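Here is how the chains run, residue by residue.
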Amino acid sequence: MTDLSFSCSERLLERALKTIPLGSQTFSKSYKHYPKGGSPFFAEKGKGPYLFDVDGNQFIDMVNGLAAVTLGYCDPDVDTAIIKQVEKGVIFSLSNELEALLAEKIAQLIPCAEMSRFGKNGSDATTAAIRLSRAYTGRDEVAVCGYHGWHDWYIGSTDKKLGVPEATQSLTHKFQFNNIDSLEALFKKRKDKIAAVILEPMNITYPEADFLPGVKALCQEYGAVLVFDETVTGFRFDLGGAQKIFGVTPDLATFGKGIANGMPLSVVTGKKEIMQLLDEVFFSFTYGGELLSIAAALATIEKLEKQSGIQKITTYGTQLKEGLEALISQFSCSDFLSVSGNPVWSFFNIHVDEPEELYLWKTLYMQETLKRGLITLGSHNLTLSHDEGVIERVLAIYAEVIEVFARAKSKGGPGSFLHVDSLTPLFSVRKKD
Ligand SMILES: Cc1ncc(COP(=O)(O)O)c(C=O)c1O
C-alpha cells in the first residue's frame, strides 16, 4: 500500500467552492462525506468497477454513482445504444416510439406496472406518485418511511427542512419500517386524511414476513394508495423489483437510479385506474422524453435479461456479504460491526450509540478504505462488473481495514488512528435496527 496523493482533488475543491455551493451538485458526493486529507473529491473517468480520480488514483468503486450504475461504468452495449440514438437525435419536438417500447417492457416485468410515465430524477417520480395519490383519494396527507427525494412534500419531514413552508411540513408523517403498529396508529389518528403510504420495500434490513402485507392491508382498510419507492431496489434486487421478490404488489411504484446504467431516467408506474389520471394531473417537463436515457434503459434491461445479470450480481454480493461476516467474526468485532441488506445492496454497519464517536469510526472507515483503493460510503452498490475477482480484492482490503478496527477498539477508540480531518454528523434517514 502506497500513500495516495489527493493534491489535484484538494485544489479543485478549493476552486469549486468559490462558485458552487457545497462544491458539488449532489449532497452525497460532496466533501461533507469524504474526510479532508485522505479523500478524492473529483472523478476523472470510470471503467467497469473502477473509478479514476483527478490525481490518477484508481479505486474499486462500491458507490457507483450513488447506485445509478448497475452494469459498470462505460458499459459497451449501453454506450453503443446511446451513440446510435445520438446519431438520430437526443430529443425531438414530438414523442418517439422508444417511449412506448420502454413502457411496454416495464409492464411486462413489474407486477404493479400497467401504465408508466418517465422523469429524470427519482424525486420526479416520487412526487408524481404523491400528487397522483392526492388526486385519486381527494386527501392531502402522506405517510413516509425512509428517503424519498429532495422535494418539499418529503424533505419537509426531515432535518433538512430549511426553506419548506410549515403548511407543507405538517402534511407528511413518519412511521417506522418493520413496525406495523406505528403505521396503524397514524391511520387511526389521521382518519380519512392519508392519501398515500410511501416506503422502500427494503433497505438496510429485510422486511419481516408480515410487514409489507400488513402495510398493504392497512392501506386497503383506510383507503390510501400504497406506493413502493423502488428507486434503489428496482432493476437491482430483481427485474420485477423488490415487489416481485416479496410478493406484495403496490398500487404505484417509482424507479430511478440503476434503470439506465447512469443515464438520468426515472419512472412512475402502477395501476391504470390511478395512472390514467396523469391525463389531467400535471407531470410534464421539457426533458421527459429525452431519448438517450430511454435508449440506455432499454439496453440496460436487455443486457441484464440476456446475461442473467441480477443472478450474477446477487452471487457476487453474497460472496462479499459472507466474506465480510467471516472477517468480522475472525477479528472478534461482532459486538460493534455487522453486515446487512440484500447482497446487491449491502451495508457495513458500525454500532456505536454516541453520534460524535460514530463519526470518528466512520472517518476511520473512510480513511482506511480509501487509502487501500476502495471507495464506499458504507454500502456496497454492486454492478455486473464487480465479479468474483473484484470481490476477492475488496475482501482483501476489508481484511486489513477490519484488523485496524479491532486494534482501534482494543486501544479505546479510533481517535489516535486518524490522520485525516474527522467527518461531522450528517443527514441520514436510513436507520439501523
Ligand atoms: C429510495 C429513494 N427514493 C428517492 C430518491 C431520490 O432520487 P433522486 O436523488 O434521483 O431524485 C432516492 C435517492 O437517493 C432514494 O434512494
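Residues numbered from 1 in each chain as written. Predicted model: local features only at pLDDT ≥ 70, side-chain atom pairs only at ≥ 80, totals over all residues. Heavy atoms only, no water.

Q: What should I look at first to understand the site of the ligand in this one?
A: In the vicinity of the ligand, the contacting residues are Asn121, Gly122, Ser123, Tyr147, His148, Gly149, Glu200, Asp229, Thr231, Val232, Lys257 and Arg430. At 3.2 Å, a side-chain N or O of Thr231 approaches a nitrogen atom of the ligand. Burial of the ligand by the surrounding chains reaches 85%, relative to a free accessible area of 390 Å². Residue composition of the shell around the ligand, grouped by class: 2 nonpolar, 6 polar and 4 charged. (Near = heavy atom within 4 Å. Polar contact = N/O pair within 3.5 Å; in protein donor to acceptor, adjacent residues only side chain to side chain. Areas by Shrake-Rupley, 256 points an atom, 1.4 Å probe, with all protein chains shown as cover. Nonpolar A, V, L, I, M, F, W, Y, C, P; charged D, E, K, R; others polar.)

Q: Honestly, a negative patch on the surface in this entry has me stumped. Any pointers?
A: Negative charge collects at one region of the surface, where Asp353, Glu354, Glu356 and Glu357 lie side by side. Tracing the backbone through its elements, the reader meets Glu354 in the loop between β12 (345-350) and α14 (355-370). For Glu354, a relative accessible area of 42% translates into the label partly exposed. (Patch = residues over 30% accessible without salt bridge, like charges linked within 9 Å, V, L, I, M, F, W, Y side chains within 5 Å. Salt bridge = Lys/Arg side-chain N within 4 Å of Asp/Glu carboxyl O. Lys, Arg positive; Asp, Glu negative; His and termini not counted. Charge placed at Lys NZ, Arg CZ, Asp CG, Glu CD. Helix = DSSP H or I, 4+ residues; strand = E, 2+ residues; numbered from the N terminus. Buried < 20%, exposed > 50% of the residue type's maximum accessible area, 1.4 Å probe, protein only.)

Q: What should I look at first to understand the packing of helix α3 (residues 76-88) against helix α12 (residues 291-306) in this one?
A: Across the interface, α3 lies against α12 with an axial gap of 8 Å and an inter-helix angle of 150°. In terms of orientation, α3 and α12 fall into the roughly antiparallel class. Relative to α12, α3 is oriented so that their crossing is right-handed. Within the contact between the two elements, α3 uses Asp77, Val78, Ala81, Ile82, Gln85 and Val86 and α12 uses Leu291, Leu292, Ala295, Ala296, Ala299, Thr300 and Lys303. For the contact of α3 with α12, a count of residues per class yields 9 nonpolar, 2 polar and 2 charged. (Axes fitted to C-alpha atoms, helices over the stretch in contact; angles between N-to-C directions. Parallel < 35°, antiparallel > 145°, perpendicular 65-115°, else oblique. Left-handed = near helix turned anticlockwise from the far one by under 90°. Contact = heavy atoms within 4.5 Å.)

Q: Looking at this structure, I do not really get the nonpolar core. What am I missing?
A: Nonpolar side chains tend to gather and get buried jointly when the protein is soluble and globular. Judged by nonpolar contacts, the single largest core of 115 residues is most densely connected at Val197, Leu199 and Ile350. In terms of residue count, helix α15 (residues 388-410) provides more of this core than any other element does, 12 residues in total. Each of domain 1 (7-73 + 308-417) and domain 2 (91-289) gives at least three residues to this core. Those residues in contact with Leu199, other than ones at most four positions away along the chain, are Cys145, His148, Phe175, Phe177, Phe211, Leu212, Val215, Leu226, Val227, Phe228 and Asp229. Judged by nonpolar contacts, the second largest core, of 22 residues, contains Ala129, Ile130, Val164 and Val225. (Core = buried A, V, L, I, M, F, W, Y, C linked by side-chain atoms within 4.5 Å. Domains from an automatic or database assignment.)

Q: Even after reading the chapter, I still don't get unusual backbone geometry, so can you show me in this structure?
A: Most peptide bonds take the trans form, and the phi angle of most residues other than glycine is negative. Located in the positive-phi region is Phe235, a residue other than glycine, with phi close to 55°. Relative to the helices and strands, Phe235 resides in the loop between β8 (225-229) and α10 (241-246). Assessed through its relative accessible area of 1%, Phe235 is described here as buried. Despite not being glycine, Ser332 has its phi angle at roughly 55°, a positive value. Relative to the elements of secondary structure, Ser332 occurs in the loop between α13 (309-330) and β11 (337-342). For Ser332, a relative accessible area of 60% puts it in the exposed group.

Q: Honestly, the sheet that holds β12 in this entry has me stumped. Any pointers?
A: By way of backbone hydrogen bonds, the strands of a sheet pair with one another, either parallel or antiparallel. Taken in spatial order, the 3 strands line up as β11-β12-β14 in an open sheet, and their pairing is antiparallel. Bordering the open sheet on either side are β11 and β14 (379-381), each of which pairs with just one other strand. Within this sheet the neighbouring strands show an average axis-to-axis angle of 15°, counted without direction. Bridge count between β12 and β14: 3 bridges; the pairing is antiparallel. Bridging from a neighbouring strand, Ser346 pairs with His380 of β14. On top of the sheet, α13 reaches β11, β12 and β14; it is set at about 165° to β11, its chief contact. Its contacts with the sheet put α14 on β12 and β14, and the angle it makes with β12 is roughly 125°. (Pairing = 2+ DSSP bridges.)

Q: Explain the packing of aromatic side chains here, please?
A: The geometry of an aromatic ring pair comes down to the distance between the two centres and the angle between the two planes. In total, this model carries 14 aromatic pairs according to the counting rule given. Measuring from centroid to centroid gives 5.9 Å for Trp153 and Tyr154, while their planes differ by 65°, and the two rings are edge-to-face. What makes Trp153 buried here is its relative accessible area of 7%. Taking the ring centre of Phe52 as reference, the NZ or CZ of Lys45 above it sits at 5.2 Å. (Phe/Tyr/Trp six-rings, centres within 6.5 Å; stacked < 30°, edge-to-face > 60°. Lys NZ or Arg CZ within 6 Å of the ring centre and 35° of its normal.)

Q: Please explain the packing of α13 against α15 as it appears in this structure.
A: Axis angle and axis distance: for two packed helices, these are the angle between their axes and the distance between the axes, and together they describe the pair. Interhelical geometry of α13 versus α15 gives an angle of 20° and a closest axis separation of 10 Å. Judged by the angle between their axes, α13 and α15 are roughly parallel. α13 and α15 meet at a crossing whose hand is right-handed. Of the residues in α15, those touching α13 at Tyr316, Gln319, Leu320, Gly323, Leu324, Leu327 and Ile328 are Glu388, Ile391, Glu392, Val394, Leu395, Tyr398, Ala399 and Ile402. Grouping the amino acids of the contact of α13 with α15 by side-chain chemistry returns 11 nonpolar, 2 polar and 2 charged.

Q: Sorry, what's going on with the domain arrangement of the chain here?
A: Along its sequence, the chain is carved into domain 1 (7-73 + 308-417) and domain 2 (91-289). In this structure, domain 1 and domain 2 have C-alpha centres spaced 28 Å apart. Contacts between the two partners involve 19 residues from domain 1, matched on the other side by 17 residues from domain 2. Carbon and sulfur atoms make up 60% of the surface buried where domain 1 meets domain 2, a total of about 1,600 Å² over both sides. Across the domain 1-domain 2 interface, the total number found is 0 salt bridges. Our count for the contact surface shared by domain 1 and domain 2 stands at 12 residue pairs in polar contact (both at pLDDT 80 or more). (Buried area = accessible area lost by both parts, 1.4 Å probe.)

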